[in-house]
Amino acid sequence: LLVSTVFLVLLSPVLLAVIVAIVVDSGFPILYRQGRVGKRGKLFQVLKFRTMRTDAEQMSGPVYATEHDPRVTRVGHFLRNYRLDELPQFINVLLGQMTLVGPRPERPHFFNVLRKDVPLFELRTCVKPGITGWAQIRLPYAADSDEARAKLEYDLYYVMHRTLWFDLAVLLETARVVLTGAGAR
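Reading guide: rules and limits
- Residues numbered from 1 in each chain as written.
- Predicted model: local features only at pLDDT ≥ 70, side-chain atom pairs only at ≥ 80, totals over all residues.
- Heavy atoms only, no water.
- Helix = DSSP H or I, 4+ residues; strand = E, 2+ residues; numbered from the N terminus.
- Rg over C-alpha atoms; globule rule 2.2 N^0.38 Å.
- Buried < 20%, exposed > 50% of the residue type's maximum accessible area, 1.4 Å probe, protein only.
- Areas by Shrake-Rupley, 256 points an atom, 1.4 Å probe, with all protein chains shown as cover.
- Lys, Arg positive; Asp, Glu negative; His and termini not counted.
- Charge placed at Lys NZ, Arg CZ, Asp CG, Glu CD.
- Pairing = 2+ DSSP bridges.
- Expected span 1.5 Å × (residues − 1).
- Arc of directions from axis to C-beta.
- Core = buried A, V, L, I, M, F, W, Y, C linked by side-chain atoms within 4.5 Å.
- Contact = heavy atoms within 4.5 Å.
- Phe/Tyr/Trp six-rings, centres within 6.5 Å; stacked < 30°, edge-to-face > 60°.
- Patch = residues over 30% accessible without salt bridge, like charges linked within 9 Å, V, L, I, M, F, W, Y side chains within 5 Å.
- Salt bridge = Lys/Arg side-chain N within 4 Å of Asp/Glu carboxyl O.

Novice: An account of the overall build of the chain is needed here, citing residue identities and associated values.
Specialist: Along the chain, the regular secondary structure elements total eight helices and four strands. Starting at the N terminus and ending at the C terminus, the chain contains elements arranged as α-α-β-β-α-α-β-α-β-α-α-α. For 185 residues, the compact-globule estimate of 2.2 N^0.38 gives 16 Å, and the C-alpha radius of gyration of the chain, at 16 Å, lies within 12% of that figure. Dimensions of the chain, computed from C-alpha atoms along their principal axes, come out at roughly 45 × 40 × 30 Å. Per-residue burial for the chain yields a buried fraction of 44% across its 185 residues. Summing over all exposed atoms, the chain offers an accessible surface of approximately 10300 Å²; the carbon and sulfur share of this is 63%. Computed over 24 positive and 17 negative side-chain charges, the inter-centroid distance for the chain is 6 Å.

Printed below as a string of structure tokens:
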């Protein structure tokens, strides 16, 4: 909670710049709320800066983002590349719905598909989801069941071996990933 509060205060100029950029590029709304599966399968609304058109899934329903996704706005590409769209999730941490490090929370639609296709997928919900995680810094964005299965191995390793030192190592590696834009979609 302390780290999230400090990050929100220190990053307030960046947050303000992102807000202005989104409004100028594609208007309102600024934030995007999306249902996600949290600890013990409890649903919550994850907060993100909006990076896609407001009608992004109107015709298709839930779909994974692709490498050059036409739904992503100009500013959205930049925000996604440097993971700035994830900054509002520090509010989710303050609300007790997420933590800094843990398995990323999945959308209910994909969670239900993946728990049928990927054995043990539900085990990742035995801990709070995180803004960043071991799987996120080790593997690129998952866009299908095979990639989700690979990420699950890292998530379960994290769940079984999590310590303060492991979390700090993940946070340091996350800083490198964010600064280089590695693995973004």
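Novice: Kindly report on the pairing of strand β1 (residues 31–37), identifying the contributing residues and their values.
Specialist: The side chains of a regular strand alternate between both faces of the sheet. Sheet analysis places β1 next to strand β2 (residues 43–49), joined by seven bridges and oriented antiparallel. Bridging from a neighbouring strand, G35 pairs with Q45 of β2.

Novice: Tell me about helix α2 (residues 12–26), and please be specific about residues and values.
Specialist: Each α-helix winds once per 3.6 residues, and so residues spaced three or four apart point in a common direction. The end-to-end C-alpha distance of α2, which contains 15 residues, comes to 21 Å, matching closely the 21 Å that a straight helix rising 1.5 Å per residue would cover. Every buried residue of α2 is accounted for by L15, V18, I22 and D25. What you see down the axis of α2 is that its buried residues fit within an arc of 105°, all on one side. Across from the buried face of α2, at angles greater than 90 degrees, the exposed residues are P13, L16 and V24.

Novice: Please provide a residue-by-residue account of unusual backbone geometry, values included.
Specialist: The linkage connecting F28 with the following residue, P29, adopts the cis geometry, with an omega of 0°. Among the structural elements, P29 can be located in the loop between α2 and β1. The backbone of L120 sits at a positive phi, close to 70°, despite the residue not being glycine. Within the element layout of this structure, L120 appears in the loop between α5 (108–117) and β4 (130–132). L120 sits in the exposed class, given a relative accessible area of 56%.

Novice: Give me the lowdown on the nonpolar core, citing residues and values where you can.
Specialist: In terms of nonpolar packing, the biggest core is built from 26 residues, with I22, F49 and L79 touching the most fellow members. Contacts of F49, omitting those with residues within four sequence positions, involve L15, V18, I19, I22, I30, L31, L79, L84, D85, L87 and P88. With nine residues, the next largest nonpolar core counts V37, F121, L152 and L156 among its residues.

Novice: Provide a residue-level description of the packing of aromatic side chains, including the pertinent values.
Specialist: Under the definition given, this model contains eight aromatic pairs. Ring geometry for F7 against F90: centres 5.0 Å apart, planes inclined by 40°, an arrangement best described as tilted. Taken together, the residues F7 in helix α1 (residues 2–10) and F90 in helix α4 (residues 89–94) connect sequence positions 83 residues apart. The partly exposed category is assigned to F7, whose relative accessible area is 37%.

Novice: Explain a nonpolar patch on the surface residue by residue, including any values.
Specialist: A surface patch of nonpolar side chains, amounting to about 480 Å² of accessible area, comprises L2, V3, V6, F7 and L10. Note on placement: L2 falls in helix α1.

Limitation: the analysis is restricted to geometry and does not speak to function.
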